[in-house]
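# Survey of secondary and tertiary structure
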Number of protein chains: 2
Amino acid sequence: MIEPPVVILDRSQLAENIGAAARVMANFGLERLRLVAPLKGWPQERAWATASGADWILEGVEVFDTVAEAVADLNVVFATTARPRETRQPVRTPREAAKVLFEEASRGLKTGLLFGGERTGLETPDVALCQGIVTIPIDRRHHSLNLAQAVSINAYEWRTTLQDAPPPAFRDADPPARGELIIGMFEHLEKELDEAGFFFPPEKRPSMVRNLRVMLGRSQMSEQEVATFRGVIHALSKGRGQRLQKLLEKRGEPSEG
Amino acid sequence: MIEPPVVILDRSQLAENIGAAARVMANFGLERLRLVAPLKGWPQERAWATASGADWILEGVEVFDTVAEAVADLNVVFATTARPRETRQPVRTPREAAKVLFEEASRGLKTGLLFGGERTGLETPDVALCQGIVTIPIDRRHHSLNLAQAVSINAYEWRTTLQDAPPPAFRDADPPARGELIIGMFEHLEKELDEAGFFFPPEKRPSMVRNLRVMLGRSQMSEQEVATFRGVIHALSKGRGQRLQKLLEKRGEPSEG
């Protein structure tokens, strides 16, 4: 079992953000939350409101006085900060950082992610306690990122690093129908279109047929969908005729067209 | 200049979330926000508080009554939903989706990301109007993701794709038609099928319509192909009628069916 990074919030200000951070931690499978000198104390009721059910994380919160104490038992901690630092520490994107944390955690090391307060950010001496810096690629024109969003991006990258298997191309995938069924459907459509005088001028029929087949072929219909579409072709070709018939029967006279 | 995806929030409930969504959009360089039937109307003051300075996005908000109208001018829209759907639409991770949206946007197409309301989520018929589904990899034990967080993850992936994307592969295919053309084609087909008595039993009509739209939507028809397919619908629905008419005219008597 690979242990996810501990999330450490330094001097966070708003209970709402602590709760929202817990919520996204739960969303992405992170478990342990540590608070360093929360400005309004701990626990705070309003955190439970925004945690929206991630209570076990809030109830497991550990509180520390200093960053040094909060990282004491951890092997590899990255500080999340947008501000350039004098410290000659490696700066990584959340994706690069997640890969490193994953490798370290796979070796059985204890990892962590440190986040600064909403107003205050991180003190450089606390950043210096970390083994690296994570900087989220933010648009320069609007670089104030919400604390829970910063936790979210990093938690998401941890999660995706953990399980890089993309989802299946289709949910509940009915497999695409066999070629013969698709071709039978094409021929059905083309026969009806011939009778309807659709392919005109005649010399254009081959290219028109080809374009129709390509267009419909792209949707990779399942066997069921082929049956449905043949029902559509049938209904459309019969429909008008039946309506005209009813009309004529009502009028009881031949159509003059 | 590559145009970022339009963000569309369907029936969002909380002004705070709309503001928070605008804030992360600004963080990651997205510009255009559309609201479909915001449950508490628009504008709402509290959105400006959580937008934390991303005012130009809130001031540029466009409001629509339906998802169909909100996607009418867009070529490629992905619906963000965690709920498994019966629809056979491609399901992508935010990372895969961002790559596709980037490629389409690089071709000058208009792209969008559709998000459901906090409580309500997305209606399957609206999902069926989209060209694909985006599912964020969430821990099963806690899958309720905050709306602004969902926007954030996708906006972040757009941003990172933008940064480390190689110049997209050249594609000379005709671009997918705008949503309004696709929807117009759907409605044309459904009208003819109604007249042909195809949708039976009536209570099944909504799901039958949805499956047809998904099936045909997957082929991402170009404007030319939409015109061709409308010609097909027209030819099929008229064809039989004309043939019957000719027959009747020749026989000079009303049909007994």
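Conventions we followed
Residues numbered from 1 in each chain as written. Chains lettered and ligands numbered in written order. Predicted model: local features only at pLDDT ≥ 70, side-chain atom pairs only at ≥ 80, totals over all residues. Heavy atoms only, no water. UniProt positions renumbered as here; feature names shortened; annotations may be inferred. Salt bridge = Lys/Arg side-chain N within 4 Å of Asp/Glu carboxyl O. Helix = DSSP H or I, 4+ residues; strand = E, 2+ residues; numbered from the N terminus. Buried < 20%, exposed > 50% of the residue type's maximum accessible area, 1.4 Å probe, protein only. Pairing = 2+ DSSP bridges. Right-handed = clockwise from strand over helix to strand, strands pointing away.

- Per an unreviewed UniProt entry, chain A goes by RNA methyltransferase and derives from Brevundimonas balnearis.
- In its Sequence similarities (unreviewed entry) section, the UniProt entry covering chain A states "Belongs to the class IV-like SAM-binding methyltransferase superfamily. RNA methyltransferase TrmH family."

### Looking at the pattern of salt bridges
Residues and elements named next belong to chain A.
- This structure, assessed with the given rule, holds 39 salt bridges over all chains.
- Notably, a salt bridge pairs Asp10 with Arg11, separated by 3.2 Å at the nearest N-O pair.
- With a closest N to O distance of 3.9 Å, Glu62 and Arg32 form a salt bridge. Residue Glu62 is found in strand S3 (residues 62-64), and its partner Arg32 is found in the loop between helix H1 (15-27) and strand S2 (33-36); the two are separated by 30 residues along the sequence.
- We classify Glu62 as partly exposed; its relative accessible area is 29%.

### Re the pairing of strand S1 (residues 6-10) of chain B
All names here are of chain B.
- The element S1 is largely enclosed, with a buried count of five among its five residues.
- Residues of S1 alternate between two faces, with Val6, Ile8 and Asp10 on one and Val7 and Leu9 on the opposite face, all of them buried.
- Both S1 and strand S2 (residues 33-36) contribute to a ladder of four bridges, which runs parallel. Bridging across to S2, Val7 finds its partner in Leu33.
- Note that the unit made of S1, helix H1 (residues 15-27) and S2 has a crossover that is right-handed.

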